Amino acid sequence: MSLKILSAIVVPPHLAVSGASKAAEKLSVALQAHDRIDIANMGMASRVPMDLSKPGERIEVRTSSPFVGLDSMLPNRAKTLFYRSSIPALIRHGSYDLVHIHNPIPALEMMRVARACVAKGVPYVVSTHGFVEIGNPAAFRRMDAARRLAWDLLIDRPVRYVVRNAAAICAISPVDLPIVRGFGFTGDDIAIIPYGVDRPTDWGAPTPADQDIHRKFGIPERGEDGGPFTAFFLANHTANKGLGVLLDAFAGLSMPFRLIVGGEKRDFVDYEAYQRRCRPGQTIHLTGNLVEAEVAAMFRRSDLFVFPTLADTFPNVILEAMAFGVPVATTRVGGIPHQVDDGCAVIVEPGDPQALRAAVEQLAADPERRARMGRHGRLRATQRFDWAAAAADTHRLYEAVIRRPAGAAVLKAA
């Protein structure tokens, strides 16, 4: 059964280069082998043609913010929750069998997309990317009264509406199951469908093309002695990604190192202060956002991928590191323990720079162990995490929803 699906990717425009957006795009493209998939991504401002040999197309999405005239004065984090898009209009005026909603932020827009589906009588499926981050009761308890009220109105209530009225849930790891139940999903159609990862063929030593990329960011090529130990971090520098933990951990190292910090910078991080604390032989490179070729070049240049996240659902960047044969140091958060094992990663508790520093020191001193971990990680990534398999499982979930007898789903209004 070939279906017409709208892939609704709900991300603020400034986070288009994010794991949520990238993973949703990859899954949507892989699903074209089964269904007609129209991709509507809030983060993509222009129409970009898809592969015309396959069904589906990319739909232009218009976004707007209520802060007209103030956009340049407000930080992105103040605007994130209030973006609107034309995706609900696509649903109202379209003829889709099903809508697949990806990512819960901005939650008000996620709810508007879901409401459009309810009003049109179109079933929708929700992927749980980002649910670990928003389903954290401990973080909620640490907020003051004003922030709790804002969280309740702008995130919690909208997400609960979306989850309660979903026809099915695509959980990315078993960790997500109690979260969606806690948000009010009572249905039977929950499938655990891990994300996939691309399989790079040029995953080993740096390629000739990498040299220009490294030079662009001031990163020298390795000499005969291998040069200082090189670690790589990649994420948008939002508070939950643990960048402060990473920088604190490396600030306490006495050994030489080269730390490549990729991702969009934030004004609340004093990068220069950390760079000033570097000792002789220690260097921190701040690259900003990286395109795929640049990410690949950084993986091939690195001895270790370090990702001390404080809250994450199922970070694809860890799978990418594994696929490039790079060992991982990360934290026991969300679905990460389902991505890695002891053979390819060292896992420490979140928010502990001393533990992270000790893990980095141990791995830096043991290149043979790092090589074993890299080989094991690549094997694990390529055998367990596959976009084609994820797409096939997702298509089967779609079919289960569509074949459900009329009236079997009961909508639960807010």
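Residues numbered from 1 in each chain as written. Predicted model: local features only at pLDDT ≥ 70, side-chain atom pairs only at ≥ 80, totals over all residues. Heavy atoms only, no water.

Visitor: For this particular structure, what's the right way to read the nonpolar core?
Guide: One recurring pattern in soluble globular proteins: nonpolar side chains tend to sit buried together. The biggest cluster of nonpolar side chains holds 89 residues, and the ones touching the most others in it are Phe250, Leu259, Phe299 and Phe305. Here this core gets 7 residues from one element, more than from any other, and that element is helix α10 (residues 243–251). Excluding its chain neighbours within four sequence positions, the residues that come into contact with Leu259 are Ala231, Leu246, Leu247, Phe250, Thr283, Ile284 and His285. Formed by 41 residues, the second largest nonpolar core is a distinct cluster that contains Ile91, Leu108, Ala116 and Val180. (Core = buried A, V, L, I, M, F, W, Y, C linked by side-chain atoms within 4.5 Å. Buried < 20%, exposed > 50% of the residue type's maximum accessible area, 1.4 Å probe, protein only. Helix = DSSP H or I, 4+ residues; strand = E, 2+ residues; numbered from the N terminus. Contact = heavy atoms within 4.5 Å.)

Visitor: Just to check I follow, could you spell out the sheet that holds strand β6 (residues 124–127) for this structure?
Guide: Strand pairing in a sheet takes place through backbone hydrogen bonds and is either antiparallel or parallel in direction. The sheet built from 6 strands is open, its strands ordered β2-β1-β5-β6-β7-β8 with parallel pairing. In this open sheet, the two strands that pair with only one neighbour each are β2 (36–41) and β8 (190–192). Averaged over neighbouring strand pairs, the angle between their axes works out to 20° when direction is ignored. With 6 bridges connecting them, strand β1 (residues 4–9) and β2 associate as parallel partners. Residue pairing across strands places Lys4 opposite Arg36, the latter belonging to β2. (Pairing = 2+ DSSP bridges. Axes fitted to C-alpha atoms, helices over the stretch in contact; angles between N-to-C directions.)

Visitor: Hey, could you run me through the pairing of strand β5 (residues 98–102) in this one?
Guide: Most of β5 is tucked away, with 5 of its 5 residues classed as buried. Side chains Leu98, His100 and His102 project from β5 onto one buried face, and the interleaved Val99 and Ile101 project onto a second face that is buried too. Examined bridge by bridge, β1 and β5 share 5 bridges and lie parallel to one another. Bridge pairing links Ile5 to Leu98 in β5. Relative to β6, β5 runs parallel, the two sharing 3 bridges. Residue pairing across strands places His100 opposite Val125, the latter belonging to β6. Handedness of the crossover is the feature at issue here: the chain leaves β5, passes through helix α4 (residues 107–120), returns alongside β6, and the resulting connection is right-handed. (Right-handed = clockwise from strand over helix to strand, strands pointing away.)

Visitor: Is there a simple way to think about the sheet that holds strand β10 (residues 257–262) in this case?
Guide: Spatial strand order, β11-β10-β9-β12-β13-β14: 6 strands in an open sheet with parallel pairing. Every interior strand has two partners, whereas the edge strands, β11 (282–288) and β14 (345–348), have only one. Ignoring which end each strand starts from, the neighbouring axes of this sheet average 20° apart. Alignment of strand β9 (residues 229–234) against β10, held across 6 bridges, turns out to be parallel. Its bridge partner lying in β10, Ala231 is registered against Leu259. Packed on one face of the sheet, helix α12 (residues 292–301) meets β9, β10, β11 and β12 (304–307) and runs near 145° to β9. Sheet strands in contact with helix α13 (residues 316–323) are β9, β12 and β13 (328–331), and its direction is about 170° off that of β12.

Visitor: What should I look at first to understand helix α1 (residues 19–31) in this one?
Guide: Three- or four-residue spacings in an α-helix give side chains the same orientation, since the helix completes a turn every 3.6 residues. Between the first and last C-alpha of α1 there are 18 Å, a value that for 13 residues agrees with the 18 Å anticipated at 1.5 Å per step. Those residues of α1 that sit buried are Ala20, Ser21, Ala23, Ala24, Glu25, Leu27, Ser28, Ala30 and Leu31. (Expected span 1.5 Å × (residues − 1).)

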